[in-house]
Amino acid sequence: MMVVLADPLVASPVFPDPVAPMAARANRRDNWEAWWKNNGNLYLRQRRPLLDRVVSGDVGFSTGRSRTHEDPFQGLINPELLQTELIPELVQQLEEARSSYVTAAADTLARIADDATRDMIYEHLSPLITDERTAVRDRSILALGILGHKEARQDLMDIALDTKRGRHLTASDGTVSKHRRCLAALGLGFLGDSDVAAPMIKESRKTNLMDVRGALLMGAMHAAPDDRATVSALVDRLRQPIEDRRVQTIAATALGQAGGEAARSALSTLIRLLKTRESPGELRISCAVALGALGRVDDDKVVRALMQGTQLADANLKHVSLMGLGRILESADEKQRTPRARQKIVDHLLQEVVQPDQDANRPFAALALGIGLREDPTDSATREEVAAEIRKVFEAETDPFMAGAFAISLGLMKDPEGAAVMAQRLDDSPTDVLARHLAQAIALSHHDAGTKTFLKEVTAEETQFSVRLEMGRALGIQQDVKAIEPLEKMLQETQSEETVAGIAGALGAMRCTEALSPLLELLRDETRPAGSRIRAITALADLAEPGDTSWFAPYTVDSNLFVRNAGIDLILQR
């Protein structure tokens, strides 16, 4: 779960454990909203990256433009503009005296690099490892991993393994700090070089620093997810009865992220730990996450374990188990996408949705169904049946928090009838809470029914900021270029940092050349507050990244992995 820091530039952040505060809110109907805010990107970005859909010709836009296999990058940002307009501007930010500008620019440069620019960007980022500013040194370590440059491998390895050279690179007095070793380990995972896995696994067995051990295991898994030795090391840590709970938690979720047949060898261990009452709560939650990622609809023991998890007293475990069932539905291959193969899971989740005495479970079950069925074809009988049931409960629901979850479920399933109903409800001036959820849901459905309302509300000063912000995000999700002009006009008319942040985020989500100019103008406007200009830099990363934007999703999974103690949130703030 991503933790948003008040100050992203602290040298050694202390991250709160989200499990305790979430447990305290277990009986609140808005519990799902906090969960979705922190974990939604895993489901919104990872499964169907935009560019994959573009190449397949699967994306249509309400502007009338379509993208085809012959011209897959029509409308996306022109790569030449990266070299002539954007990269020089960001490199200039690296010379800023204020570290906040430098770190934001380093992140963005790392994310937008392609084969033509990676070497040049490496030359600008590599000196930052020895920068005198602690925040810059920390952020540059992870940025080099995200950049994916082969020359960064040795630097990151020396830092992660705390060698003499690593201590010199980080200007460390004595050993390299745990914080930086963890960042380097995660950076090595981003590099995607399978050769780094073996030394990282070896070091994980030697070190007594639990945070470092967990980060090394996580980094090794991302570097070599198909390597049996890496999977074996994760399973071994998971089975150790005296292992630190943080490391076990990381090992469990790392196995889920690894996927593949090798990781599925851990299913029986994950089930056992999930069912063991003596297992720490975080570990049981991570096991449920992993089972949802690794399980298949025909894995009776996995499905049964997660169904049992939805009936336990621990509210957090209930919710993650429900979402795990949704992930199993989503991952079913074409042969398994028959009503008979998945009906057991569908019936269980629907039963949770329609039971009025299960308020705490109902929104999570609805979201699980939306996630599980969102890839179904438009003629899927299962999707039609479920969408009809959720439309009924949505229309009858008066609680805005509860109705919001049902709306997002319909949006995930891209239900056209549901989108029309939601658009009508949005026009009826709902509460601010429901308006936010309706905006996101309609945008997720890729239905243009709400565009006019989105444009009106995002520029209405009398509308609560949180609603305007969500309307801006909705416009970004829809990627409708008609929205760029009014958003740009609003940028020129407002000085509110909060409003600027919302508009910049919407422009960044557009992923098209037309949105580049207003973001660059915002960055260059020295009359703007620093926070607004920095938000422009992070939005430019979303806008110009050449691949899909799911690279960070594996680190923002459903449970607390304690990887947050490695400082990953410094780069993942949204």
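Rules used in this analysis
Along each chain, the written sequence defines residue order, and numbers are assigned to residues from 1. Local features in this predicted model are restricted to residues of pLDDT 70 or higher, and side-chain atom pairs are both shown and tallied only at a pLDDT of 80 or more, whereas totals for entire chains, interfaces and linings draw on every residue. Just so you know, side-chain values use all the structure's heavy atoms and leave hydrogens and water out. Helical segments are the DSSP runs of H or I of at least four residues, strand segments are the runs of E of at least two, and each set is numbered from the N terminus. Contact between two residues is taken to exist if any of their heavy atoms lie within 4.5 Å; hydrogens are not considered. The pairing test for Phe, Tyr and Trp rings, Trp by its six-membered ring, is centres within 6.5 Å, and the orientation test on the planes gives stacked under 30 degrees, edge-to-face over 60, and tilted for anything in between. We count a charge as sitting over a ring when the NZ of a lysine or the CZ of an arginine lies within 6 Å of the ring centre and within 35 degrees of the ring normal. Exposed residues in this analysis have more than 50% of their type's maximum accessible area, buried residues have under 20%, and partly exposed residues fall in between, with area computed by a 1.4 Å probe over protein chains only. What pLDDT expresses is the predictor's confidence in each residue, scored from 0 to 100. Patch criteria: residues need more than 30% relative accessible area and no salt bridge. Like-charged residues are merged within 9 Å; nonpolar side chains of Val, Leu, Ile, Met, Phe, Trp and Tyr are merged within 5 Å. With residues, only the protein chains shown are counted as cover, and all accessible areas are computed by Shrake-Rupley using a 1.4 Å probe. Whenever Lys or Arg places a side-chain nitrogen within 4 Å of a carboxyl oxygen from Asp or Glu, that contact is recorded as a salt bridge. Counted charges follow a simple rule, with Lys and Arg positive, Asp and Glu negative, and His plus the chain ends left uncounted. Where a charge lies is defined by one atom per residue type: Lys uses NZ, Arg uses CZ, Asp uses CG and Glu uses CD. Multiplying 1.5 Å by the helix residue count minus one yields the expected span of that helix. Between N or O atoms, a polar contact is any pair within 3.5 Å; within protein, one atom must be a potential hydrogen donor and the other a potential acceptor, and residues adjacent in sequence are included only when both atoms are from side chains. To get an axis, a line is fitted to the C-alpha atoms, and for a helix only the part in contact is used. The angle between two axes follows their N-to-C directions and goes from 0 to 180 degrees. For classification, angles of less than 35 degrees are called roughly parallel, those exceeding 145 degrees roughly antiparallel, those between 65 and 115 degrees roughly perpendicular, and all remaining angles oblique. Left-handed describes a crossing whose near helix is turned anticlockwise from the far helix by less than a right angle; the clockwise case is right-handed. We define the nonpolar core as a collection of buried residues of types Ala, Val, Leu, Ile, Met, Phe, Trp, Tyr and Cys that are connected through side-chain atoms lying within 4.5 Å of one another.

Observations concerning the overall build of the chain
Thought 1: On a plain count of helices and strands, the chain comes out with 32 helices and 0 strands.
Thought 2: Here the analysis covers contacts within the chain between residues at least 6 apart in sequence; of these, 68% occur between residues at least 24 apart.

Here we look at the packing of aromatic side chains
Thought 1: Throughout the structure, instances matching the rule amount to 0 aromatic pairs.
Thought 2: For the cation-ring pair, Arg-425 lies above Phe-394, with the distance from its terminal atom to the ring centre recorded as 4.7 Å.

Thoughts on the side chain of Thr-108
Thought 1: Inspection of the secondary structure puts Thr-108 in helix α5 (residues 99-112).
Thought 2: Take Thr-108: its relative accessible area is 1%, and that puts it in the buried class.
Thought 3: Each residue touching Thr-108, except ones within four places of it in the same chain, is listed here: Leu-90, Ile-537, Thr-538, Leu-540 and Ala-541.

Thoughts on the confidence of the model for the chain
Thought 1: This prediction gives the chain a mean pLDDT of 79; 82% of its residues lie at or above 70.
Thought 2: Below pLDDT 50 for its whole length, residues 46-75 participates in 57 contacts with residues either more than four positions away or in separate chains.
Thought 3: Every residue in residues 550-574 scores below 50 in pLDDT, and together they form 109 contacts with partners more than four places removed in sequence or on other chains.

A few points about a positive patch on the surface
Thought 1: There is a patch of like positive charges on the surface, built from Lys-275, Lys-301, Arg-304 and Lys-344.
Thought 2: With respect to the helices and strands, Arg-304 occurs in helix α18 (residues 300-309).

Details of helix α19 (residues 315-331)
Thought 1: With 17 residues, α19 should cover 24 Å at 1.5 Å per step; its first-to-last C-alpha distance of 25 Å lies within 8% of that length.
Thought 2: Among the 17 residues that make up α19, 16 are buried, leaving the element largely enclosed by the rest of the structure.
Thought 3: N-capping of α19 is provided by Asp-314, with a side-chain oxygen placed 2.9 Å from the backbone N of Asn-316.

Re the environment of Leu-469
Thought 1: Mapped onto the secondary structure, Leu-469 falls in helix α27 (residues 465-478).
Thought 2: Apart from the residues lying within four places of it in its own chain, the contact partners of Leu-469 are Ala-501 and Gly-502.

Description of the pattern of salt bridges
Thought 1: This structure, assessed with the given rule, holds 29 salt bridges.
Thought 2: Glu-261 is the salt-bridge partner of Arg-264, the closest N and O atoms lying 3.8 Å from each other. In this pair, Arg-264 and Glu-261 both sit in helix α15 (residues 260-264), 3 residues apart, roughly one turn of the helix.
Thought 3: Note on Arg-264: relative accessible area 17%, which makes it buried.
Thought 4: Judged by relative accessible area, Glu-261 falls into the partly exposed class, the value being 48%.
Thought 5: The closest approach of N and O atoms between Arg-374 and Glu-330, which form a salt bridge, is 2.8 Å. Of the two residues, Arg-374 is situated in the loop between α21 (362-373) and α22 (381-396) and Glu-330 in helix α19; the sequence distance between them amounts to 44 residues.

Overview of the side chain of Arg-528
Thought 1: Structurally, Arg-528 is set in the loop between α30 (516-524) and α31 (530-544).
Thought 2: With residues up to four places along the chain from it excluded, the contact list for Arg-528 reads Leu-491, Gln-492, Thr-494, Gln-495, Val-500, Leu-522 and Arg-533.

Digging into the packing of α27 against helix α29 (residues 497-509)
Thought 1: One way to put it is that α27 packs onto α29 with a least axis distance of 7 Å and a crossing angle of 10°. It follows from the interaxial angle that α27 and α29 lie roughly parallel. Between α27 and α29 lies a crossing whose hand is right-handed. Contact with α27, carried on its side by Phe-465, Arg-468, Leu-469, Gly-472, Arg-473, Gly-476 and Ile-477, involves Glu-498, Thr-499, Ala-501, Gly-502, Ala-506 and Ala-509 of α29 and no other residues of that element.

Describing helix α10 (residues 178-191)
Counting along an α-helix, one turn takes 3.6 residues, and residues three or four places apart therefore face a common direction.
Thought 1: Here α10 contains 14 residues, and its C-alpha end-to-end distance of 20 Å stays within 8% of the 20 Å for a straight helix at 1.5 Å per residue.
Thought 2: The buried count for α10 comes to 13 of 14 residues, which makes it a mostly enclosed element.
Thought 3: Within two residues after α10, Gly-192 carries a phi angle of roughly 70°, on the positive side.

So, the nonpolar core
Thought 1: Of all hydrophobic cores here, the largest spans 171 residues; its most connected members are Leu-86, Leu-125, Leu-270, Ile-345, Leu-349, Leu-369 and Leu-487.
Thought 2: The dominant element in this core, judged by the number of residues it contributes, is helix α12 (residues 210-223), at 9 residues.
Thought 3: Not counting the four nearest positions on each side in its chain, Ile-345 is found in contact with Val-297, Val-303, Met-307, Leu-325, Ile-328 and Leu-329.

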